[in-house]
Amino acid sequence: MNPIFPSILSTRFFDLEAKLAAFAAGGIDFIHLDVMDGHFVDQISFGPSLVRAVKERFPFAIDAHLMVSNPEKAVPHFLRAGADWISFHAEAAEDAAALLRLIRREGRRAGLVLNPDTPLERLRPFWPDLDYVLLMSVFPGYGGQSFIPATLERVAELRREIDRRGANCLLQVDGGIHPAIAGRLRQAGADLLVVGTALYGAGDIAGRIREFANPPHGSPS
Ligand code: DX5
Ligand code: ZN
């Protein structure tokens, strides 16, 4: 599995097909879909119809990142649309455990998202139900923001906790990721990197994917 998950939030709609074709040619397996409801975050972005449209035309798996105030209402729509992985914010869910189990019962992967200022401790009740944790390295709502450096220590701490528990749980990071920081995130213990602007705007997308997938370790931030 390619550890790079392109975010298409910054897309211009009529460029999307060509960009997706470039991602496929560059060996990408998953597309990260930022779903925003205009309430949990200011923007309104994509719905389940884009999941269907992408899957009809491309071989990608879809990782739906739900930035919505009512994930209990949104998740069933994305399950029906065929999303393969679904994550939602711990800050928004009424009953996160039940929602994680619903996603798994449908044979999909279930993830919980933490904002940069949400303590890792928040994960404690949910470990048995988690396939992946998404640590935000920006506050959700927009692409093109700057990476929050304190995320590196949070990744290392979460990696220690996952290893200590022997949990079968992947660690994904999202927001402001550029080639220079990618190596340090992987070194700190991140498994998967969501990349938006730094990949979407690249002239040579295949080259940029290789750069992210094989970053020089320990590169300065
Ligand atoms: C932000 C989104 C991210 C964003 C990533 O709320 O969750 O997925 O689109 O884009 P960049 O890499 O530009 O921050
Ligand atoms: Zn995202």
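As shown above, the structure is provided for reference.
Nothing here was measured: the structure is a model prediction, and the numbers come from that model.

Q: Would you explain helix 4 (residues 96–105) in this entry?
A: It helps to recall that an α-helix has 3.6 residues per turn; residues three or four apart then point in one direction. Taken together, the buried positions of helix 4 are occupied by Ala-96, Ala-97, Leu-99, Leu-100 and Ile-103. Seen along its axis, helix 4 keeps its buried residues to an arc of 165°; they face one direction. Those residues of helix 4 that are buried are in contact with helix 3 (71–81), strand 4 (85–89) and strand 5 (109–114). Directly beyond the C-terminal end of helix 4, a positive phi value near 75° is found at Gly-107.

Q: For this particular structure, what's the right way to read the nonpolar core?
A: Taken as a class, soluble globular proteins show a tendency for nonpolar side chains to be buried jointly. Counting 72 residues, the largest nonpolar core has Ile-8, Phe-23, Leu-66 and Leu-185 as the members making the most contacts within it. Once residues lying within four places of it in the same chain are set aside, the contact partners of Leu-185 are Phe-147, Leu-152, Val-155, Val-173, Ile-177, Ala-190 and Leu-193. Among the nonpolar cores identified, the runner-up in size contains 7 residues, and Phe-5, Ala-61, Trp-85 and Val-194 belong to it.

Q: Which parts of the structure should I look at to understand the packing of helix 2 (residues 48–57) against helix 3?
A: Two quantities define a packed helix pair, namely the angle between the axes and the distance from one axis to the other. Taken N-terminus to C-terminus, the directions of helix 2 and helix 3 make an angle of 15°; their axes are 9 Å apart at the nearest point. As judged from the angle between their axes, helix 2 and helix 3 are roughly parallel. Handedness of the crossing formed by helix 2 with helix 3: right-handed. Counting all contacts with helix 2, which are made through Pro-48, Val-51 and Arg-52, the residues of helix 3 involved are His-77, Phe-78, Arg-80 and Ala-81. Tallied by class, the residues present in the contact of helix 2 with helix 3 amount to 4 nonpolar, 1 polar and 2 charged.

Q: Hey, could you run me through the coordination of the zinc ion (ligand 2) in this one?
A: Each pair of donors in an ideal four-coordinate tetrahedral metal site encloses 109.5 degrees, whereas pairs in an ideal six-coordinate octahedral site enclose 90 or 180 degrees. Coordination of the zinc ion (ligand 2) by the protein involves His-32 (NE2), Asp-34 (OD), His-65 (ND1) and Asp-174 (OD), with metal-donor separations of 2.0 to 2.3 Å. Taken together, the 6 donor atoms coordinating the zinc ion (ligand 2) and their angles of 72 to 173° define a geometry best described as octahedral. Coordination of the zinc ion (ligand 2) draws on donor residues from a single chain, spaced H-x1-D-x30-H-x108-D in sequence. Here the residue His-32 occupies a position in strand 2 (residues 30–36), and Asp-174 occupies one in strand 7 (residues 170–174), the gap between them amounting to 142 residues. This pair shows no difference in class: His-32 is buried, exactly as Asp-174 is.

Q: Which parts of the structure should I look at to understand the side chain of Arg-154?
A: Here Arg-154 shows up in helix 5 (residues 151–165). The buried charged residue Arg-154 lacks any salt bridge partner; its closest oppositely charged side chain belongs to Glu-157, at an N-O distance of 6.7 Å. A polar contact is formed between the side chain of Arg-154 and the backbone oxygen of Asn-115, at a distance of 3.1 Å. Setting aside chain neighbours within four positions, we find Arg-154 in contact with Leu-114, Asn-115, Pro-116, Thr-118, Pro-119, Leu-120 and Leu-135.

The rules behind these values
- Each chain has its residues counted from 1, following the order in which its sequence is written.
- To read the labels, note that chains go from A and ligands from 1, taken in the order they are written.
- Local features are withheld for residues below a pLDDT of 70 in this predicted model, meaning they are given only at 70 or higher, and side-chain atom pairs are given and counted only at 80 or more; totals for whole chains, interfaces and linings count all residues.
- As a convention, hydrogens and water are excluded, and side-chain values are obtained from all of the structure's heavy atoms.
- Remark: exposure states derive from per-residue accessible area (1.4 Å probe, protein chains only) relative to the maximum for the residue type, with buried under 20%, exposed over 50%, and partly exposed in between.
- The way it works is that DSSP assigns letters per residue, a run of H or I at least four long becomes a helix, a run of E at least two long becomes a strand, and they are numbered from the N terminus.
- The arc refers to the directions leading from the helix axis to the C-beta atoms.
- Two residues qualify as a contact provided that any one of their heavy atoms is within 4.5 Å of a heavy atom in the partner residue.
- To qualify as a nonpolar core, a set must consist of buried Ala, Val, Leu, Ile, Met, Phe, Trp, Tyr and Cys residues joined through side-chain atoms within 4.5 Å.
- Angles run from 0 to 180 degrees between N-to-C directions of axes, and those axes are lines fitted to C-alpha atoms, restricted for helices to the stretch in contact.
- For classification purposes, angles smaller than 35 degrees are called roughly parallel, those larger than 145 roughly antiparallel, those between 65 and 115 roughly perpendicular, and all remaining angles oblique.
- Crossings are assigned a handedness: left-handed for a near helix turned anticlockwise from the far helix by less than a right angle, right-handed for a clockwise turn.
- Charged residues are taken to be Asp, Glu, Lys and Arg, nonpolar residues to be Ala, Val, Leu, Ile, Met, Phe, Trp, Tyr, Cys and Pro, and polar residues to be all remaining types, Gly included.
- Excluding water, the donors of a metal are its N, O and S neighbours within 2.8 Å, or within 3.2 Å for Na, K and Ca, and that exclusion means sites may look incomplete.
- Geometry is assigned from the angles between donors: four donors with all angles from 85 to 135 degrees make a tetrahedral site, four or six donors whose opposite pairs exceed 155 degrees while the rest stay between 65 and 115 make square planar or octahedral sites respectively, and everything else is labelled irregular.
- Within this scheme the basic residues Lys and Arg register as positive and the acidic residues Asp and Glu register as negative, but His and the chain ends are omitted.
- Any carboxyl oxygen of Asp or Glu that lies within 4 Å of a side-chain nitrogen of Lys or Arg is treated as forming a salt bridge with it.
- N or O atoms closer than or at 3.5 Å make up a polar contact, with two conditions inside protein: a donor-capable atom paired with an acceptor-capable one, and, for residues adjacent in sequence, both atoms drawn from side chains.

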